[in-house]
Protein chains: 2
Amino acid sequence: MSPAQAAAFRALDPRTGTELPGAFTVTTAAELEAMARAAKAAFLPYSKLGGARRAEFLERSAANLEAHAAAVVERAMAESGLPEARLQGEVGRTCGQLRMFARLIADDAWLDARFDVGDPARQPAPKPEVRSFKRPLGPVAVFGASNFPLAFSVAGGDTASALAAGCPVIAKAHPSHPGTSRLVADLVIEAARASGMPEGVFGLVQEPGFEMGQALVLRPEIKAVGFTGSRAGGEALMRLAASRPEPIPVYAEMGSVNPVFVLAGALATRGEEIARGLFASFTLGVGQFCTNPGVTLVPEGAAGDALRDRLAELTLSSEAGVMLNRAVCERYGSGLTELAAAGGRQVARGAERDWAAAGTPTLWEADIRAALANERLVSEVFGPSTLLLRYRTPAELVEFAAGMEGQLTATLQAEPAEVAEHTALLDTLAERAGRVILNQYPTGVEVGHAMVHGGPYPATSDGRSTSVGTHAIDRFTRLVAYQNFPPELLPAPLR
Amino acid sequence: MSPAQAAAFRALDPRTGTELPGAFTVTTAAELEAMARAAKAAFLPYSKLGGARRAEFLERSAANLEAHAAAVVERAMAESGLPEARLQGEVGRTCGQLRMFARLIADDAWLDARFDVGDPARQPAPKPEVRSFKRPLGPVAVFGASNFPLAFSVAGGDTASALAAGCPVIAKAHPSHPGTSRLVADLVIEAARASGMPEGVFGLVQEPGFEMGQALVLRPEIKAVGFTGSRAGGEALMRLAASRPEPIPVYAEMGSVNPVFVLAGALATRGEEIARGLFASFTLGVGQFCTNPGVTLVPEGAAGDALRDRLAELTLSSEAGVMLNRAVCERYGSGLTELAAAGGRQVARGAERDWAAAGTPTLWEADIRAALANERLVSEVFGPSTLLLRYRTPAELVEFAAGMEGQLTATLQAEPAEVAEHTALLDTLAERAGRVILNQYPTGVEVGHAMVHGGPYPATSDGRSTSVGTHAIDRFTRLVAYQNFPPELLPAPLR
């Protein structure tokens, strides 16, 4: 290849395994450096624009995405195998997130400006006047997820919250959907220009592999990383970020098994409803959600057997769906092989389909004692499966919950009286998960002020915060104080 | 040594270098494990007590410390070489911090409880009700600082904020002041018992070295680390924490050079005042503050020469003070040797004294171009010295500020009109420091709601927060959401 001839790559159709139209230029190291320098140059002017101006940019990005939703959805369908309605929903979610952050920053309340009045006459030393607020960290690298080509991708939640905070963003597109990523990035760049944002406020890195993404995390201009994806990917970025001369925060959302605890009273009262709700949740989107319920705790005995048998019926009557790409499909297959090797028993399996990347719903069973003895039985399997763990006593549930890894969610199916009888379990779930759910299911993460999409390690790299909802903006800020400044010399929000 | 005979160590008097009375038992690995298990067992009941009960514990700890201040101050004087008035001030600061956090948690406002109302009729999917708040992380390890035997030590700011948040604390005493640490720990433990806190809510680790401190960070029960000390120490803890199967946050405050930028107008108007203020700041407490101004930027020319000469006079008429311990004293000496080797020119030196750990004020000078070419010239030297960097143009100041490492503080000595003319400098300082000060000095960190004692790496390991002031409580919390719970089943603050 001559230097004049840029490397390119193509997307694959996960239904057929064949190449889709369109070649995408691989970002070079020189382009990456230029993008990072431009982001750094943009940082100060962008952060000083103020929330109202940045809100215009976010609003315009949302409007651009809505105006071009048909083309974006069409391309995303081809690249991800996800159905049209789901992707239209993702357009709505993505625009909703951009607008939520635009509203949040339209006034300065989110900056938590504080003012400690001074007292020059205080003894033994004068008390200084101190004011502080949150300011943006600097340019942020955002790694798009495979399973949300819009809402957790180029213009997804991490990008929206970082841009809202005042941080330029360099998005690393997921290699499965380069066309969708390019379309969305161009809409954001157009919005930045039209609303008068500094050049370099947004950039896109494309490549079929990992090399440029790693180089991006090592660029000194980058001050934080947002990531949604696998544990291996997230941990690799954590190690890279910690190895820098200046370590930076990594917000990696790495998924979890999202256990569902079915108590006897709920099962007796609503067995059929639980079977249908759980089946819908673990097969939704071909099981490709980080909140997919991969483990379900079910009582031993006849009622638990009946739930298992009903779930087996539903699974047997299901069929394979198209998965996001061949790698995800292969990992689902090897995850099931490991689950069987660890002692899981396959109860039922749906009908196969002939997609290049096909994911067939499967139902598994094991005794909870086996899971307590071998944690590999409860590793995440990304795809449409759940493992029923059969338990005998409430104490076993508490033991399981206390020993489980950090989770994005934990769900209780319980009658109200049962919840009150299981305070130790509920306390333990709140300690081990970012979100505790009663009598609903973990899939579906509502965007709002109270939502927490986070959780103790290894659900995320940094369980103190959330990647969904308005709290997420705080991840891209730090505190700064001004001491003894006359108001007219202070940044506007501190006057 | 027979197993029945516990190892012990003694404190040294930094004035004489001789052993002080009292032998302190070295914590064993078995004791450490028992302490960590007890802290874990205490976590849930302690966190569920509610803020008002925890506030009682903090108030009683403060009252105990005040009631025994004379004995604590006497021992701290002997162990640290710090004067009585300073240590009495530290008692006040320490009690003030405990009471500030007690007031903060007396009601639940700090928990940032949020409530997103549900809508079962929403299309295409019902909107769930979600509530969230902050909850404590779990047991916290707090490493006491050498230079604040009370306010940043066993019952200092990290301990107060972690206990307030609902986290049990295991304090690792600084080996320089084991007697002070034991006295204070016993007062906290007595307060815990008297106010009915769970056993294990507070523990103390003592040793002459580092081994048990490292083991503490590796204990799986520990969920966060607070540290104030050297960069080498802080970075060692960061590596340890990152190497755990479950990485945990480390809040290490590692110090900085706290540059003071003297502009020409301020120098012309207030030269004598600046000389006296700067001299007082860099020699305060024998220069043993993390906010010590180690670098001062001074214009070339006659006015700058006059400032240097006046500072030289003040330095020449000063004399050595007792430093905290021999290791700090030796590091001060080797730091000055490195400063000279890197091209610093010693301008003046105070009178020597015959203490075992003596720190003599020194004044240094170099050209700012030398510092721009060799960053070793502006490494932190912990002790009573400052390096005058002579500059010619405002552009040199911006270049220096943009290139400097992250700082706890940056100070501007400037007339108001000059500040307005130096917006690029001010913007850069706010980007590189946690606190920007106008026409005061960096030493003295006011405790309050707005204070930020933090800053970009390497000033701290995690520049997003602060170790002083009410914001500090957030460091020991994470967000958790409850979805679809009837109010009566929720934790009290979310009802």
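Analysis parameters
Residues numbered from 1 in each chain as written. Chains lettered and ligands numbered in written order. Predicted model: local features only at pLDDT ≥ 70, side-chain atom pairs only at ≥ 80, totals over all residues. Heavy atoms only, no water. Helix = DSSP H or I, 4+ residues; strand = E, 2+ residues; numbered from the N terminus. Buried < 20%, exposed > 50% of the residue type's maximum accessible area, 1.4 Å probe, protein only. Polar contact = N/O pair within 3.5 Å; in protein donor to acceptor, adjacent residues only side chain to side chain. Contact = heavy atoms within 4.5 Å. Least-squares fit on C-alpha atoms with pLDDT ≥ 70 in both. Salt bridge = Lys/Arg side-chain N within 4 Å of Asp/Glu carboxyl O. Axes fitted to C-alpha atoms, helices over the stretch in contact; angles between N-to-C directions. Parallel < 35°, antiparallel > 145°, perpendicular 65-115°, else oblique. Left-handed = near helix turned anticlockwise from the far one by under 90°. Nonpolar A, V, L, I, M, F, W, Y, C, P; charged D, E, K, R; others polar. Buried area = accessible area lost by both parts, 1.4 Å probe. Pairing = 2+ DSSP bridges.

**Student:** Looking at this model, I keep getting lost on the side chain of Glu 446 of chain B. Mind explaining?
**Tutor:** Among the structural elements, Glu 446 of chain B can be located in the loop between strand 18 (433-438) and strand 19 (477-483). Judged by relative accessible area, Glu 446 of chain B falls into the buried class, the value being 15%. A polar contact is formed between the side chain of Glu 446 of chain B and the side chain of Arg 122 of chain A, at a distance of 2.6 Å. Those residues within four positions of Glu 446 of chain B in sequence are excluded, and the remaining contacts are Arg 122, Lys 127 and Pro 128 of chain A together with Met 451 and Val 468 of chain B.

**Student:** For this particular structure, what's the right way to read the relation of the copies chain B and chain A?
**Tutor:** Relating one copy of the chain to the other takes a rotation about an axis and a shift parallel to that axis. Rotating chain B by 180° and moving it 0.0 Å along the rotation axis overlays it on chain A with an RMSD of 0.0 Å. Seen this way, the second copy is the image of the first under a two-fold rotation axis. Distance from the rotation axis, computed per C-alpha, reaches its smallest value in chain B at Ala 242 of chain B: 4.2 Å. Taken together, the interface assignments show that 100% of the residues at the interface of chain B recur at the interface of chain A, consistent with an identical surface on both copies.

**Student:** What is the right way to look at the pattern of salt bridges in this model?
**Tutor:** Pairs may arise between side chains of opposite charge once their charged atoms sit close together. As enumerated under the stated definition, the model contains 84 salt bridges over all chains in all. As a salt-bridge pair, Lys 172 of chain B and Glu 207 of chain B come within 3.8 Å of each other at their nearest N and O atoms. Of this pair, Lys 172 of chain B sits in strand 6 (residues 169-172) while Glu 207 of chain B sits in the loop between strand 7 (202-205) and helix 7 (211-218), placing them 35 residues apart in sequence. Each member of the pair Lys 172 of chain B and Glu 207 of chain B is classed as buried. Across the pair Glu 352 of chain B and Arg 349 of chain B runs a salt bridge whose closest N-O atoms are separated by 2.6 Å. Several salt bridges share partner residues, and in doing so they unite Glu 300, Asp 367, Arg 369, Arg 392, Glu 396 and Glu 399 of chain A into one network.

**Student:** Would you mind showing me how to read the packing of helix 2 (residues 51-67) of chain B against helix 5 (residues 157-165) of chain B here?
**Tutor:** Between two packed helices, what matters for the description is the angle formed by their axes and the separation of those axes. Residues and elements named next belong to chain B. Between helix 2 and helix 5, the least distance of the axes is 9 Å, while the angle of their chain directions is 155°. As the angle between them shows, helix 2 and helix 5 are arranged roughly antiparallel. By crossing handedness, the relation of helix 2 to helix 5 is classed as right-handed. On the side of helix 2, the interface is formed by Arg 54, Phe 57 and Leu 58, while helix 5 contributes Ala 160, Leu 163, Ala 164 and Ala 165. When grouped by side-chain class, the residues that make up the contact of helix 2 with helix 5 number six nonpolar, no polar and one charged.

**Student:** Honestly, the side chain of Thr 27 of chain A in this entry has me stumped. Any pointers?
**Tutor:** With respect to the helices and strands, Thr 27 of chain A occurs in the loop between strand 2 (19-25) and helix 1 (29-48). What Thr 27 of chain A contacts, discounting residues up to four positions off in sequence, is Leu 32, Met 35, Leu 204, Val 205, Gln 206 and Met 212 of chain A.

**Student:** Looking at this model, I keep getting lost on the interface of chain B and chain A. Mind explaining?
**Tutor:** A common way to express how large an interface is: the accessible area buried when the components associate. Counting from both sides, the interface comprises 65 residues of chain B and, opposite them, 65 residues of chain A. Summed over both partners, the interface of chain B with chain A buries about 5,600 Å², with 55% contributed by carbon and sulfur atoms. For Asp 462 of chain B, the salt bridge goes to Arg 464 of chain A, with nearest N and O atoms at 3.5 Å. Taken together, the connections running from chain B to chain A amount to 43 residue pairs in polar contact (both at pLDDT 80 or more). When residues of the side of chain B that touches chain A are traced back to their parent elements, those giving at least two are helix 1 (29-48), strand 3 (114-116), strand 4 (130-136), helix 14 (416-421), helix 15 (423-432), strand 18 and strand 19 of chain B. When residues of the side of chain B that touches chain A are assigned to their parent elements, the largest contribution, seven residues, is made by strand 19 of chain B.

**Student:** Quick question: what am I supposed to make of the sheet that holds strand 9 (residues 250-253) of chain B here?
**Tutor:** Backbone hydrogen bonds are what pair the strands of a sheet, in a parallel or an antiparallel way. Residues and elements named next belong to chain B. The parallel open sheet is built from five strands, whose spatial order is 7-6-5-8-9. The sheet terminates laterally at strand 7 and strand 9, the two strands that pair on one side only. Across the sheet, the mean angle separating the axes of adjacent strands is 15° when strand polarity is ignored. Both strand 5 (residues 140-143) and strand 8 (residues 224-228) contribute to a ladder of four bridges, which runs parallel. Looking at the pairing, Val 140 lines up with Ala 224 of strand 8. Relative to strand 7, helix 1 is tilted by about 160°, and along the sheet it contacts strand 6 and strand 7.

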